[in-house]
Amino acid sequence: MMTKLCYSGLKYNNDMEINILVDIQNDWVEITHTKEVSQVMNKTSGEYIQVKRNTLKCEIVS
């Protein structure tokens, strides 16, 4: 049964790849976009990432 997603992308200020893990059954997640930036926020844990908009990826991890 799939429950976790990994969002990743290149950090907005530099080209370092960052990621965030989200449990889609238990976490409240919000994804927002501007012209240049995508932000994925795990509102349950307070963690978030800001990446260059065209680099945001999502993968199923479990």
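Predicted model, so just to flag it, every value in this text is computed and none were measured. (Residues numbered from 1 in each chain as written. Predicted model: local features only at pLDDT ≥ 70, side-chain atom pairs only at ≥ 80, totals over all residues. Heavy atoms only, no water.)

Peer 1: Go over the nonpolar core with me, naming the residues and quoting the values.
Peer 2: One broad trend across soluble globular proteins is that nonpolar side chains are buried collectively. Formed by L5, Y7, I18, I20, V22, V40, I49 and V51, the largest nonpolar core amounts to 8 residues. At the level of elements, β1 (4-10), β2 (17-23) and β5 (47-52) are the ones that each hand at least two residues to this core. Considering every element that reaches this core, the biggest residue donor is β2, with 3 residues. Apart from the residues within four sequence positions on either side, I18 is in contact with Y7, S8, G9, K11, I49, Q50 and V51. (Core = buried A, V, L, I, M, F, W, Y, C linked by side-chain atoms within 4.5 Å. Buried < 20%, exposed > 50% of the residue type's maximum accessible area, 1.4 Å probe, protein only. Helix = DSSP H or I, 4+ residues; strand = E, 2+ residues; numbered from the N terminus. Contact = heavy atoms within 4.5 Å.)

Peer 1: So what's going on with the packing of aromatic side chains? Residues and values would help.
Peer 2: Evaluated as defined, the whole model comprises 0 aromatic pairs. One residue, K43, lies across the ring of W28, its end atom 4.9 Å from the ring centre. (Phe/Tyr/Trp six-rings, centres within 6.5 Å; stacked < 30°, edge-to-face > 60°. Lys NZ or Arg CZ within 6 Å of the ring centre and 35° of its normal.)

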